[in-house]
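A structural walkthrough
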Amino acid sequence: MANLKALYDDLQRSFNANDLKKCGTLLSQLKIGLIEAGLLIPQGDPSLDDLIIARDILEIGAIWSIRTRDVPSFDRYFSQLQTFYTDYSSLLPPSKREYPIRGLNLVRLLTQNRIADFHTTLESLPLPADAIADNPYISHPVNLERWLMEGSYSKVWNAREEAPVEEYKFFVDSLMGTIRNEIASCEEAAYESLPLKDATTLLFFNNQSEMLTFAKQRGWQVDLSTSTVIFAKKGEENMEVPKEKLIAASLAYARELEQIV
Amino acid sequence: MPDIDMKDKKEEEKKDKKPDEEDKDKEEPKKEPPTPLAEIKTNVVHIERAVSTIEPRFTHRVLRTLSALRKRIDDGVLRGAVEDVFPKDSQNKSSLLSWLGPAPPSQPQEMDVDSSASASASAPGTKPPTPTAEPVPEVDVYFRLLILHHILKQSNNGADKDKLSKAKELAQETVQKMHALNRRSMDPIAARFWFAVERTYELIGDLAEARPMFLSAQRTAALRHDDDTQASLINRLLRSYLAYSLYDQADKLVSKTTFPASAGNPQLARYHYYLGRIKAVQLNYSDAHTNLQQSIRRAPPAKVAPGFYQAVHKLFVVVELLMGDIPDRSIFRHPVLEKALIGYFEIVKAVRTGSLSQFQQTLSKHASLFQADKTHTLITRLRQNVIKTGIRRLSLSYSLISLKDICVKLHLDSEEDAEYIVGKAIRDGVIEGKLVHEKGWMECSGAGGTKRGYGPEVADVFGRRIGYCLELHNESVKAMRYPLNAHRKELADAAGAREREKELVKEIQEGDLDDEDGDF
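Residues numbered from 1 in each chain as written. Chains lettered and ligands numbered in written order. Predicted model: local features only at pLDDT ≥ 70, side-chain atom pairs only at ≥ 80, totals over all residues. Heavy atoms only, no water.

This part is about the overall build of chain A. Counting its secondary structure elements, chain A contains 13 helices and three strands. Here chain A has a C-alpha radius of gyration of 26 Å; the compact-globule value for 261 residues is 18 Å, and the former is much larger. Its C-alpha atoms give chain A principal-axis dimensions of about 70 × 70 × 35 Å. Counted over contacts in chain A with a minimum sequence separation of 6, partners at least 24 positions apart contribute 59%. As displayed, chain A has an accessible area near 13,700 Å², and 53% of this comes from carbon and sulfur atoms. Put simply, chain A has 27 plus and 37 minus side-chain charges, and the middle of one group is 5 Å from the middle of the other. (Helix = DSSP H or I, 4+ residues; strand = E, 2+ residues; numbered from the N terminus. Rg over C-alpha atoms; globule rule 2.2 N^0.38 Å. Contact = heavy atoms within 4.5 Å. Areas by Shrake-Rupley, 256 points an atom, 1.4 Å probe, with all protein chains shown as cover. Lys, Arg positive; Asp, Glu negative; His and termini not counted. Charge placed at Lys NZ, Arg CZ, Asp CG, Glu CD.)

This brings us to the sheet that holds strand β3 (residues 441-444) of chain B. The strands that make up a sheet are held in pairs by hydrogen bonds between backbone atoms, and each pair lies either parallel or antiparallel. Residue and element names in this part refer to chain B. Ordered by their spatial adjacency, three strands build an open sheet running β1-β3-β2, and the pairing between neighbours is antiparallel. Two strands lie at the open edges of the sheet, namely β1 (400-402) and β2 (433-436), each paired on one side alone. Averaged over neighbouring strand pairs, the angle between their axes works out to 20° when direction is ignored. In terms of strand pairing, β2 meets β3 through four bridges, oriented antiparallel. For Gly-433, the partnering residue across the bridge sits in β3 and is Cys-444. (Pairing = 2+ DSSP bridges. Axes fitted to C-alpha atoms, helices over the stretch in contact; angles between N-to-C directions.)

The two faces of the sheet receive side chains in turn, since in a regular strand these alternate between them. All names here are of chain B. Burial along β3 is one-sided: the residues Met-442 and Cys-444 are buried and none of Trp-441 and Glu-443 is. Sheet analysis places β1 next to β3, joined by three bridges and oriented antiparallel. Paired with Ser-402 across the strands is Trp-441, a residue of β3. Turn length for the β2-β3 hairpin, with the two strands adjacent in sequence and antiparallel, is four residues, and the turn residue Gly-440 shows positive phi of about 70°. (Buried < 20%, exposed > 50% of the residue type's maximum accessible area, 1.4 Å probe, protein only.)

Turning next to the pattern of salt bridges. Inspection of the entire model under this criterion finds 22 salt bridges over all chains. Taking the shortest distance from any N to any O, the salt bridge between Glu98(A) and Arg102(A) comes out at 3.0 Å. Note that Glu98(A) and Arg102(A) are positioned in helix α5 (residues 98-111) at a spacing of four residues, about one turn of the helix. As far as the burial class goes, Glu98(A) and Arg102(A) line up, both buried. The closest approach of N and O atoms between Arg144(B) and Glu173(B), which form a salt bridge, is 3.1 Å. In this pair, Arg144(B) sits in helix α9 (residues 137-154) while Glu173(B) sits in helix α10 (residues 161-181), placing the two residues 29 residues apart along the sequence. Arg144(B) gets classed as buried once you look at its relative accessible area, which sits at 1%. Each of Glu182(A), Lys424(B), Arg427(B) and Asp428(B) takes part in a single network of salt bridges with overlapping partners. (Salt bridge = Lys/Arg side-chain N within 4 Å of Asp/Glu carboxyl O.)

Before going further, it helps to examine the interface of chain A and chain B. On the side of chain B, 40 residues touch chain A, which itself brings 42 residues to the contact. The junction of chain A with chain B conceals about 3,700 Å² of combined surface from both sides, 59% of it contributed by carbon and sulfur atoms. Considering only the side of chain A, the residues that lose the most area to chain B are Glu123(A), Glu150(A) and Tyr253(A), jointly responsible for 17% of the buried surface there. Our count for the chain A to chain B interface comes out at five salt bridges. Note that Lys434(B) is salt-bridged to Glu192(A), the shortest N-O span being 3.1 Å. The interface formed by chain A and chain B holds 13 residue pairs in polar contact (both at pLDDT 80 or more) in total. Mapped onto the side of chain A that touches chain B, the elements with two or more residues apiece are α6 (115-123), α7 (129-134), α8 (136-150), α9 (153-159), α10 (168-190), β1 (193-195), α11 (196-202) and α13 (243-260) of chain A. Take the side of chain A that touches chain B: its biggest share by element is six residues, from α10(A). (Buried area = accessible area lost by both parts, 1.4 Å probe. Polar contact = N/O pair within 3.5 Å; in protein donor to acceptor, adjacent residues only side chain to side chain.)

Attention now moves to a nonpolar patch on the surface. Residue and element names in this part refer to chain A. A cluster of nonpolar residues, Leu-257, Ile-260 and Val-261, forms a patch on the protein surface that exposes about 320 Å² of accessible area. Residue position: Leu-257 is located in helix α13. Taking relative accessible area as the criterion, Leu-257 reaches 49% and is therefore assigned partly exposed. (Patch = residues over 30% accessible without salt bridge, like charges linked within 9 Å, V, L, I, M, F, W, Y side chains within 5 Å.)

The next thing to look at is the side chain of Ser245(B). Secondary-structure assignment places Ser245(B) in the loop between α13 (227-243) and α14 (247-256). When sequence neighbours within four positions are dropped, the list of residues in contact with Ser245(B) reads Glu123(A), Ser124(A) and Lys374(B).

Residue and element names in this part refer to chain A. Enumeration over the complete set of coordinates arrives at three cavities of 30 Å³ or more. The calculated volume of the largest cavity comes to roughly 80 Å³. Residue assignment for the lining of the largest cavity shows that the elements contributing at least two residues are α8, α9 and α10. When residues in the lining of the largest cavity are grouped by element, the largest group, five residues, is from α10. Classifying every residue of the lining of the largest cavity gives ten nonpolar, one polar and one charged. (1 Å grid on protein atoms, 1.4 Å probe; cavity = no way out; pocket = protein on both sides within 12 Å on 5 of 7 lines; lining within 4 Å. Points joined across faces, edges and corners; volume = space filled by probe spheres on them. Nonpolar A, V, L, I, M, F, W, Y, C, P; charged D, E, K, R; others polar.)

All right, on to unusual backbone geometry then. Residue and element names in this part refer to chain B. The backbone of His-225 shows a phi angle near 55°, a positive value even though the residue is not glycine. One non-glycine residue with positive phi stands out, namely Lys-374, at about 60°. Position of Lys-374 among the secondary structure elements: in the loop between α21 (367-372) and α22 (376-380). Using a relative accessible area of 27% as the deciding quantity, one classes Lys-374 as partly exposed.

Residue and element names in this part refer to chain A. Strand order in the open sheet formed by three strands is β1-β3-β2, and the pairing between neighbours is antiparallel. The open sheet is flanked by β1 and β2 (221-223), the only strands paired with a single partner. Averaged over all pairs of adjacent strands, the angle between their axes in this sheet comes to 25°, without regard to strand direction. Bridging between β2 and strand β3 (residues 228-230) involves three bridges; their strand directions are antiparallel. From the neighbouring strand, Gln-221 faces β3, where its bridge partner is Ile-230.

Printed below as a string of structure tokens:
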């Protein structure tokens, strides 16, 4: 236990100094220590102080995972933290890192396009609906989701600098990749042609060369003489009759009718 | 909270099944209902018969009268019934009596009741005037159920803390007792008892505490193939999860358990309602829609359980809106729903006209209502639907409209936003049209360009409907109940029919000849 305490102090020091490598080694040692003390998944009747320390360690672990860009590890830390956040919520004093971490989890779900999970998680937050707007950590991902869904991509783009905590920015890049693809698919459907300059601004690119590589990826025609992007119109989708499905359905009806008569 | 009124649905079930009940039931005169005491005593007889003949039907019949009976009992009636049913020096009797209040000194009323009770109770002819043998344990638990309901009623919906702690004690003791007895003939009563247990904990405000108890009981029930209890307990657990917004756990519970198919309508209606809730949160609106529809169909008529009916419809309206449909106008004119759904009606109007400002206004005006109904987050998701409807309306009425006008009409923040939003709407197939960026307008190809005719989606819709009808038919066939040994009679009939057929054949043969003769 004394050993654990020393490690914990060490971890806090190196976490504040942002020494990621040292944090990593300390965290794995601490986790073993927590398991031995029966605190990783609290069992029996541990004291409150121990629980708070265990929660602290896991929270540092979660933030550390984001800083080292290890999303699966964040996922693991987050599920371990769930016990502390839900089951012990009435016993433990609230942690100031709780909502940033919950918010990070929401952003993570958003970037992985797990919208259903996003909403389930949002629904189970121990917050009344009007408090969500007042909580910057939570309202940020909530707004992102709303804008993504209705198509206000420029708002998403502008919000990327307004992250409430540093760690949110880690997800910004992958989020931008997602929305760029979204915008691109919208443009394909909505425009016949688009000036190259406007396309660059619409897709939030800084210069034309980035735009050109992106256009190549998507297989767009670029007319350099008039500097426009031309979107190949997909011809009327040839309507195919789903024969097999219809036959199977008709056979099934025949069988059922046979049973009835 | 929907469940509070749900209790009344048992009454409905009683009415529902009345027609197919057998003639024996007529010993209960319908015109003037028997006194509570007499009813309890008849019920006891029924339970005993159920146990001795291993026929749970009788127990179900007793339980059907529960909610009506519950409203009429009081200390005196319960005390009298316990005194009459249990033998003098029974241990169970004294423990049951200890849960009731102290005996009133004189009970003149009781005497009246008693005389009429013995008259109607002796009608079946099975009831000895003074019991000597201990009644079956099911009777004991039945009394405990009645007493628990009675104590809850006395507690004034949880206002009286003393009564509540007493109820909790009784609940715990009885649960242990039921567990120790482990009798299959007890199952239907046990299922009902769990409901009362949940109600107790909920009134105390500590539903989470009862969860481990429900979970272990559910496990036991599943192992014993105790369908009644299982169905009841799964609903208890779902309710307790949803009360704490633990949708993940609830979803896992649903995927790990199979809801017994033999469960009664009240339980099924509840189960489908909870499923619909979970599915709606998970954005699986079409499944949610099916579940809620099932729930509405299975639910008792609106007048009997208005609370449940309203709760399901609230969610149903929201889910329908999320699916992009506009709910039926008649729902909002229904006498039971009209008042309760007024906030939702305004939301529907906002969505239908596609007015974002009206939507926001309504949302903030009724925010507390939606939060109480736990539909607030679902309704905020409707924002995008409002925008989509707005764009669709614009695309139908204009053939050319500038992005700036769209922005003004839909109350969007900037032209830039409008361009992205319209682009997305075109991609999602909400409207047909194209954007011309250089000129800053949207060209709509109008209604003529939309796909018409019998595409594969039409076949799909038809397929789904036909499938539903066939399933309904098959279910009804399965649900039919045939009288026992009726096939014997049919066999005899068949033999007779064969006889007749033979005669007929003979006659025809003879007749044929005659006819032919006549013809010639």
